[in-house]
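A closer look at the structure
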Amino acid sequence: MAEKTSDETLAHLTRISQKPGVQSTLILSRENGAIVRTSGLISNSTSANPNSTLPASNDTAPDSYTNGKKEGGIQNAEDVASKVWSFLTAAGSLVDGLYEEDEVKLLRLRTKKNELVIIPDTKFILVLVHDTPPA
């Protein structure tokens, strides 16, 4: 039964990552922010991200790439995971300070280049990075 749920989840993530404008998806552990699975962002090491759907980046290449295109902003999956973890922790502290028995359900962060949608769950954190739609 759990295997079917895992397959269904992977199928949903695959569909999401193939939507127009989606640059990458990350699944992080809710416990410590560790990367569980990625697609679209190149990771620095295979040991840090054994479930990546992309090959490990070449350490001799100084430039960073996202979906085959050079990107100036986002460096790699580890950077995004670390920053998202810090952002979610800070947002959780804010909510705790304002409303004692409440929790963060969704965070959206829009920049000039990208939009991050962060969805915390009981076990995992889903992060979608996509192009910022034109205003």
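For the structure itself, consult the block above.
This is a predicted model, so every value here is computed, not measured. (Residues numbered from 1 in each chain as written. Predicted model: local features only at pLDDT ≥ 70, side-chain atom pairs only at ≥ 80, totals over all residues. Heavy atoms only, no water.)

Across its full length, the chain holds 2 helices and 7 strands. The N-to-C order of helical and strand elements in the chain reads α-β-β-β-β-α-β-β-β. The long-range share in the chain, meaning contacts at least 24 apart out of those at least 6 apart in sequence, stands at 43%. For the chain, the exposed area adds up to about 8900 Å²; of that, 55% sits on carbon and sulfur atoms. (Helix = DSSP H or I, 4+ residues; strand = E, 2+ residues; numbered from the N terminus. Contact = heavy atoms within 4.5 Å. Areas by Shrake-Rupley, 256 points an atom, 1.4 Å probe, with all protein chains shown as cover.)

What follows is about the side chain of Q23. Along the polypeptide, Q23 turns up in strand β1 (residues 22-29). Reaching out from Q23, the side chain makes a polar contact with the side chain of D131 at a distance of 2.5 Å. (Polar contact = N/O pair within 3.5 Å; in protein donor to acceptor, adjacent residues only side chain to side chain.)

This part takes up the pairing of strand β2 (residues 35-39). Of the pairings in the sheet, the one linking β1 to β2 comprises 4 bridges and is antiparallel in character. When the sheet's bridge partners are listed, T25 is paired in β2 with S39. Connecting β1 to the antiparallel partner β2 that follows it, the hairpin turn spans 5 residues, and G33 within it adopts a positive phi of roughly 80 degrees. (Pairing = 2+ DSSP bridges.)

Pairing in this open sheet of 5 strands is antiparallel, and the strands run β2-β1-β7-β6-β5 from one edge to the other. Whereas interior strands pair on both sides, the edge strands pair on one side only; in this sheet they are β2 and β5 (107-110). Going from strand to strand, the sheet's axes swing by 15 degrees on average, the running direction of each strand aside. In the packing of helix α2 (residues 77-98) onto the sheet, the strands contacted are β1, β2, β5, β6 (114-120) and β7 (124-131), and the crossing angle to β1 comes to about 65 degrees. (Axes fitted to C-alpha atoms, helices over the stretch in contact; angles between N-to-C directions.)

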